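One letter stands for each residue in the lines below.
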Amino acid sequence: MAEYNDCHSKKTIDGDESPVISAIMFGLGIFGNVAALVILEIRRRRDLKANDRRHRGLFHILVISLVFTDLAGTCLITPIVQTAYAWNMTLIGMAKNSNNAAANISTSSACQYFGVSMTFFSLATMSLLFITALDRCFAIGHPYLYNRLVTKKWAYITIPVMFLMCTLFCLLPFVGFGIYVQYCPGTWCFIDMNPLEVADRVYANLYATIMLVLVLSIVACNGFVVYQLFRMYRRRNKQGSAMKSMRTSNEHRMFVAHEVEHLVPLVFMTIIFIVCTMPLV
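Residues numbered from 1 in each chain as written. Predicted model: local features only at pLDDT ≥ 70, side-chain atom pairs only at ≥ 80, totals over all residues. Heavy atoms only, no water.

Draft legend 1. Fine view of the state of the cysteines. Scanning the entire structure with this criterion turns up 1 disulfide. Here cysteine 111 pairs with cysteine 189 through a disulfide, and the sulfurs are 1.9 Å apart. Across the S-S bond of cysteine 111 and cysteine 189 the torsion is about -115°, and the bridge reads as left-handed. Taken as a pair, cysteine 111 in helix H4 (residues 109-141) and cysteine 189 in strand S2 (residues 188-191) lie far apart in primary sequence, 78 residues in all. Cysteine 189 shares its class with cysteine 111; the two are buried. (Disulfide = S-S within 2.5 Å. Helix = DSSP H or I, 4+ residues; strand = E, 2+ residues; numbered from the N terminus. Buried < 20%, exposed > 50% of the residue type's maximum accessible area, 1.4 Å probe, protein only.)

Draft legend 2. Looking closely at the side chain of aspartate 200. By secondary structure assignment, the location of aspartate 200 is in helix H7 (residues 198-243). Buried and without a salt bridge, aspartate 200 has arginine 201 as its closest oppositely charged side chain, separated by 9.0 Å. A polar side-chain atom of aspartate 200 sits 3.0 Å from the main-chain amide nitrogen of glycine 178. Leaving out residues up to four positions away in the same chain, aspartate 200 has contacts with Gly176, Phe177, Gly178, Ile179 and Pro195. (Lys, Arg positive; Asp, Glu negative; His and termini not counted. Salt bridge = Lys/Arg side-chain N within 4 Å of Asp/Glu carboxyl O. Polar contact = N/O pair within 3.5 Å; in protein donor to acceptor, adjacent residues only side chain to side chain. Contact = heavy atoms within 4.5 Å.)

Draft legend 3. Region of the structure containing a nonpolar patch on the surface. Side chains of Val20, Ile24 and Leu28 sit close together on the surface and give an oily, nonpolar patch of about 290 Å² of accessible area. Its location among the elements puts isoleucine 24 in helix H2 (residues 20-49). (Patch = residues over 30% accessible without salt bridge, like charges linked within 9 Å, V, L, I, M, F, W, Y side chains within 5 Å. Areas by Shrake-Rupley, 256 points an atom, 1.4 Å probe, with all protein chains shown as cover.)

Draft legend 4. Main features of the packing of aromatic side chains. Tallying each qualifying case throughout the model produces 8 aromatic pairs. Ring plane angle 55° and centroid distance 6.4 Å describe the contact between phenylalanine 174 and tyrosine 180, whose orientation is recorded as tilted. A connected cluster of aromatic rings, assembled from ring pairs, spans Phe169, Phe177, Phe190, Tyr203 and Tyr207. (Phe/Tyr/Trp six-rings, centres within 6.5 Å; stacked < 30°, edge-to-face > 60°.)

Draft legend 5. Structural view of the pattern of salt bridges. Here the structure, examined in full by the defined rule, presents 1 salt bridge. The salt bridge involving arginine 136 is made with aspartate 135; its shortest N-O contact spans 3.1 Å. Overall, aspartate 135 belongs to the buried group, its relative accessible area being 3%.

Draft legend 6. Representation of helix H3 (residues 58-87) within the structure. The end-to-end C-alpha separation of H3 is 44 Å, in line with the 44 Å expected for 30 residues at 1.5 Å each. After H3 finishes, the residue asparagine 88 shows a positive phi value of roughly 55°. (Expected span 1.5 Å × (residues − 1).)

Draft legend 7. Main features of the UniProt feature "transmembrane region" (unreviewed entry) in the protein. UniProt tags residues 20-40, 61-81, 113-134, 154-183, 203-230 and 263-280 as "transmembrane region" (unreviewed entry). Secondary structure content for residues 20-40 is 100% helix and 0% strand, while the C-alpha to C-alpha distance between its ends is 30 Å. Secondary structure across residues 113-134 comprises 100% helix and 0% strand; the distance between its end C-alpha atoms is 31 Å. (UniProt positions renumbered as here; feature names shortened; annotations may be inferred.)

Draft legend 8. Main features of unusual backbone geometry. Note the cis peptide between cysteine 184 and proline 185, where omega equals 10°. Looking at the secondary structure, you find proline 185 in the loop between strand S1 (180-183) and S2. Although it is not a glycine, asparagine 88 sits at a positive phi angle of roughly 55°. Here asparagine 88 lies in the loop between H3 and H4.

Draft legend 9. Here's a closer look at the pairing of S2. Pairing geometry for S1 and S2, over 4 bridges, is antiparallel. Bridge pairing in S2 links valine 181 to phenylalanine 190. Linking S1 back to S2 in an antiparallel pair, the connection comprises 4 residues, with glycine 186 at a positive phi of about 100°. (Pairing = 2+ DSSP bridges.)

Draft legend 10. Inspection of the packing of H3 against helix H6 (residues 152-171) at higher detail. Direction vectors running N to C along H3 and H6 enclose 25°, while the axes themselves pass 9 Å from each other. Considering their axes alone, H3 and H6 lie roughly parallel with respect to each other. For the pair H3 and H6, the sense of crossing is right-handed. Across from Leu58, Ile61, Leu62, Ser65 and Thr69 in H3, the residues of H6 making contact are Lys152, Trp154, Ala155, Tyr156, Ile159 and Phe163. Within the contact of H3 with H6, the residues separate by chemical class into 8 nonpolar, 2 polar and 1 charged. (Axes fitted to C-alpha atoms, helices over the stretch in contact; angles between N-to-C directions. Parallel < 35°, antiparallel > 145°, perpendicular 65-115°, else oblique. Left-handed = near helix turned anticlockwise from the far one by under 90°. Nonpolar A, V, L, I, M, F, W, Y, C, P; charged D, E, K, R; others polar.)

As structure tokens, this is what we get:
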């Protein structure tokens with residue numbers, strides 16, 4: 001516990017700490033997201049030439065938003081970590097009055113910025129992944145209502161509202177509900193997960209609860225989609241040869257393949273975010 005508290009006010013980085021891992025993660029994050037954007041753009045142009053509009057619907061908008069959000073988080077957060085290593089100063093140490101014995105986390109704008117950014121992008125990314133999973137769940141579970149009610153305008157309204165709610169949640173520590181603190185080795189700040197004040201503890205538990213509910217909801221939605229696709233596959237095998245025409249069978253096969261094409265990257269993203277998020281939650 002003493003070491004945990006010392007990290008909150010630490011002003012220099014230990015000499016044995018290396019920025020290599022952070023730099024590698026930064027490079028992989030940039031490369032992966034840029035590659036995803038390039039692939040999505042190539043796919044969009046190919047579908048445009050083929051006059052196929054299925055891939056340019058709501059799912060495409062959600063995936064693009066997810067990639068851009070993750071890329072923005074990588075670009076806005078990681079450079080601060082590298083700067084801290086380069087200057088051999090923690091985020092608290094970067095404060096102008098860090099030499100003052102009374103200086104604390106509230107005086108470090110770098111730490112506040114990092115804490116807000118970490119909280120915002122973790123919530124926003126997980127929320128977008130949930131919306132994307134919910135979109136696929138509704139599309140395959142209730143295709144008639146989905147095609148009738150859900151349009152691109154739904155995404156244009158839902159995504160900004162989600163960003164606004166995440167922003168308001170991240171700003172609550174500035175009005176005394178929650179607090180951002182520095183963690184070892186002093187290159188990152190986040191919500192204090194072991195605060196002394198009741199309000200701060202409620203905030204930390206609220207964040208963990210929201211993230212846990214999002215993760216479980218995403219898993220449930222993806223599980224439902226997998227189950228429905230499996231049922232469609234079995235139904236097609238049982239009835240395809242005896243009752244279905246070749247044209248109908250081919251259309252059904254294309255529909256299942258189309259949904260699997262959406263599901264596979266969604267499942268991979270879900271696994272990655274769960275592995276990164278669940279230990280903290």
